[in-house]
Amino acid sequence: MGSVGAKEVPVLLDEHGKRIDGRGLHDLRPLKIEAGVLQRATGSAFVEWGENKVMAAVYGPREVHPRHMQQNTKAVVQCRYNMASFSVDERKRPGLDRRSQEISKVIGEALESVLFVEEYPKTSIGIYIEVLQANAGTRCAGLVAASVALADAGIPMSDLVPAVAVGKIDGKLALDLRKEEDNYGEADVPMALVPRSGRLILLQMEGHMTRDELKTSLDMGVKGCEKIYEIQKAALRNRYSLGNNGEGGAQ
Amino acid sequence: MVLPGQELEAGDYRPGPGTYRADGKIYASVAGILSIRPPVVRVIPFSGPYIPQDGDVVIAIVKIIGPTYWLVDVGAPHYAPLHYSGTPWKIEYGECGEYLRPGDAVVVRIEAVDQNQRIGVTMNGDGLGRISGGIIEQISPTKVPRVIGKSGSMIRLLETSTGARMTVGQNGRVWIDGSQGSIRTVREALQIIDREGQKSGLTDRIKLFLEQSQSS
């Protein structure tokens, strides 16, 4: 993030319709997912998405702490999204803040809706998402990582969850914004969906869009998610066909 | 091999463990190997938590001492009570701590799992009791059938070629006792099984490993 009153607004779209990093409007940043990267977690995944680096770990089902949150008919999903202090340009004050609380909540609720939580009553499933390097779209990257980590942990779920953001830069809709586009663009719409049923389980919007633009961006997002879904599946296949010592990672 | 959300070609079969039914179709809910045994389709998972079942023999760790029971960790989300009537000893009220201390390992059998995930365990039975000596190695509970092998073939292979003694708990804990060298060899073999258990040719792989470790 630049200093207050940064004067220079970068050119987000050049005359050929190319973006800062040379992508077209419908292109994703390069995405690489590796499952099973942590020894001590029940399940884990590492995601490199453009310049984002996100690690997700899943623990459980285990006893619920604090006890009063325990539910007699289902598991509670406890999700924590955290940004490392060194993940952004200017050192972030470590720990919980409003933003990370909100993201923890929306990611946790999105994932709870695909997990078969009724199979593990009186337990908790802990999901920990650590953003090591941030470049816009970390909540989507976190969700993508967490869903692979859950599958790696062997916790029953109805589907993997791909997620992506669609934004508006220079008046045009663009898939998967990077930092400059997020900072200087007009809108940002992160979304996550269940590919099998097409159900949206996360949809947020920052900035302004017309109704039609929102519709179009949903379509773009769905297409992006399909690609991400394939990479997620490849990451899991990789994990189990190579064992732990393969030079894993799916691109 | 199937992944969560994948549709299974399973016409009129019933969805078993690792699967679910939606919109009249059957999908996988975990990553694993598809197994169709009419009339049930199931997915044998690559990984997953230990779910206690009646009759399982497991290795448990004593955690808490009560007046008439111990709470033991069987690897499930909750501790299981081991009542003193379930032990071969005659114990007076309040004297449980003189027989088993926190940290002790015991081989127990799961007797009853109810709807509330309460687990009853007993220490009365063949091969059950307290463990002393040796080490306990934790592997994924889903790999336990591979460690045992067809009617115990893998255990026999490991025991005869190293001279170690093993007890495999359904919860993925394996007790190994023997000489230091044999314990180390078995332990490494278990790690191979844990890592590569889903691949074919596992027995050959282990045989090769055992030969190599013997010659070195």
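Before reading on, note that the structure itself is shown above.
So, a few notes on the structure that sits alongside this text.

Thresholds, definitions, all that
Every residue gets a number counted from 1 within its own chain, in the order that chain's sequence is written. Here the convention is simple: chains get letters from A, ligands get numbers from 1, in the order in which they are written. Local features in this predicted model are restricted to residues whose pLDDT is 70 or higher, and side-chain atom pairs enter the listing and the counts only when it is 80 or higher, whereas totals over whole chains, interfaces and linings include all residues. Computation of side-chain values: all heavy atoms of the structure, hydrogens and water removed. Strand pairing follows a simple DSSP-based rule, namely that at least 2 bridges must link the two strands. Helix and strand assignments come from DSSP, with helices taken as H or I runs of at least 4 residues and strands as E runs of at least 2, each series counted from the N terminus. Working definition of a nonpolar core: buried Ala, Val, Leu, Ile, Met, Phe, Trp, Tyr and Cys residues. They are joined through side-chain atoms within 4.5 Å. Accessibility here uses a 1.4 Å probe with only protein chains present; expressed as a share of the type maximum, an area under 20% marks a residue as buried, one over 50% as exposed, and anything in between as partly exposed. Working rule for contacts: check all heavy atoms of both residues, and any pair within 4.5 Å makes them a contact. Like charges within 9 Å and nonpolar side chains (Val, Leu, Ile, Met, Phe, Trp, Tyr) within 5 Å are joined into patches, using only residues over 30% in relative accessible area that form no salt bridge. We get accessible surface area from the Shrake-Rupley algorithm with a probe of 1.4 Å; when it comes to residues, only the shown protein chains can shield them. In what follows, salt bridge is the name for a side-chain nitrogen of Lys or Arg lying within 4 Å of a carboxyl oxygen of Asp or Glu. Here, axes are lines fitted to C-alpha atoms. For helices the fit covers the stretch in contact, and angles between N-to-C directions go from 0 to 180 degrees. Our angle categories are set so that under 35 degrees counts as roughly parallel, over 145 as roughly antiparallel, 65 to 115 as roughly perpendicular, and the remainder as oblique. By the definition used in this description, the sense in which the near helix is turned from the far one sets the handedness, with an anticlockwise turn below a right angle giving left-handed and a clockwise turn giving right-handed. Gly counts as polar in this scheme, as do all residues outside two lists: the nonpolar Ala, Val, Leu, Ile, Met, Phe, Trp, Tyr, Cys and Pro, and the charged Asp, Glu, Lys and Arg. Put simply, two rings from Phe, Tyr or Trp (the six-membered ring, in Trp's case) pair if the centres are within 6.5 Å, and we call them stacked under 30 degrees between planes, edge-to-face over 60, tilted for the rest. The criterion is that NZ of a Lys, or CZ of an Arg, lies within 6 Å of the ring centre and within 35 degrees of the ring normal, and then a charge sits over that ring.

The next point concerns the pairing of strand 9 (residues 105–113) of chain B. All names here are of chain B. When strand 6 (residues 57–65) meets strand 9, the two strands line up antiparallel, connected through five bridges. From the neighbouring strand, V57 faces strand 9, where its bridge partner is R109. Sheet topology places strand 9 next to strand 11 (residues 129–131); three bridges connect them, and they run antiparallel. Looking at strand 11, one finds that V106 is bridged to R130. As paired elements, strand 9 and strand 10 (residues 119–122) share four bridges and run antiparallel to each other. From the neighbouring strand, R109 faces strand 10, where its bridge partner is T122. Following strand 9, the chain reverses through five residues before pairing antiparallel with strand 10; Q117 in that reversal takes a positive phi of roughly 65°.

Residues A:W49, A:I127, A:I129, A:L143 and A:L150 are the most contacted members of the largest nonpolar core, which totals 69 residues. If one sorts the elements of this core by residue count, helix 2 (residues 138–153) of chain A sits on top with eleven residues. Leave out the neighbours within four places in its chain, and A:W49 touches A:L28, A:R29, A:P30, A:L31, A:C140, A:A141, A:V144, A:A163, A:V164, A:D176 and A:I228. Listed in part, the 22 residues of the second largest apolar core include B:I139, B:I155, B:L157 and B:L210.

Here we take up a nonpolar patch on the surface. Residue and element names in this part refer to chain B. Together, M1, I33 and I44 give the surface a local cluster of nonpolar side chains, amounting to about 240 Å² of exposed area. Summarising the element assignment, M1 is placed in the segment before strand 1 (14–15). Judged by its relative accessible area of 41%, M1 is partly exposed.

The next subject is the packing of helix 2 (residues 153–162) of chain B against helix 3 (residues 180–196) of chain B. For any two helices packed against each other, one specifies the inter-axial angle together with the distance between the axes. All names here are of chain B. It is the contact of helix 2 with helix 3, at a shortest axis distance of 10 Å, that shows an interaxial angle of 150°. Relative to helix 3, the element helix 2 is oriented roughly antiparallel. Here the hand of the crossing between helix 2 and helix 3 comes out right-handed. Judged by residue contacts, M154, L158 and T162 of helix 2 engage S182, T185, V186, A189 and I193 from helix 3. By residue class, the composition of the contact of helix 2 with helix 3 is five nonpolar, three polar and no charged.

Residues and elements named next belong to chain A. Across the sheet, which stays open at both edges, the five strands sit in the order 1-2-3-5-4 with mixed pairing between neighbours. The open sheet terminates on both sides in strands that have one partner only, identified here as strand 1 (31–35) and strand 4 (76–83). For this sheet the average axis-to-axis angle between neighbouring strands, irrespective of direction, equals 15°. In terms of strand pairing, strand 3 (residues 52–62) meets strand 5 (residues 124–133) through eight bridges, oriented antiparallel. Residue pairing across strands places A56 opposite I129, the latter belonging to strand 5. Taken strand by strand, helix 1 (residues 98–112) contacts strand 4 and strand 5, and its axis lies near 140° from that of strand 4.

Glancing now at the packing of aromatic side chains. Under the definition given, this model contains five aromatic pairs over all chains. Relative to A:Y128, the ring of A:Y59 has its centre 5.7 Å away and its plane inclined at 80°; by these criteria the two rings are edge-to-face. A residue pair is termed long-range when its members are at least 10 positions apart, and A:Y59 in strand 3 and A:Y128 in strand 5 qualify at 69 residues. For the ring pair B:W89 and B:Y99, a centre distance of 5.3 Å and an interplane angle of 25° mean the geometry is stacked. Here the residue B:W89 occupies a position in the loop between strand 8 (80–83) and strand 9, and B:Y99 occupies one in the loop between strand 8 and strand 9, the gap between them amounting to ten residues. Among the aromatic residues, those joined into a cluster by ring pairs are A:F116, B:Y20 and B:Y27. Its end group placed over the ring of B:Y27, A:R196 keeps NZ or CZ at 4.4 Å from the ring centre.

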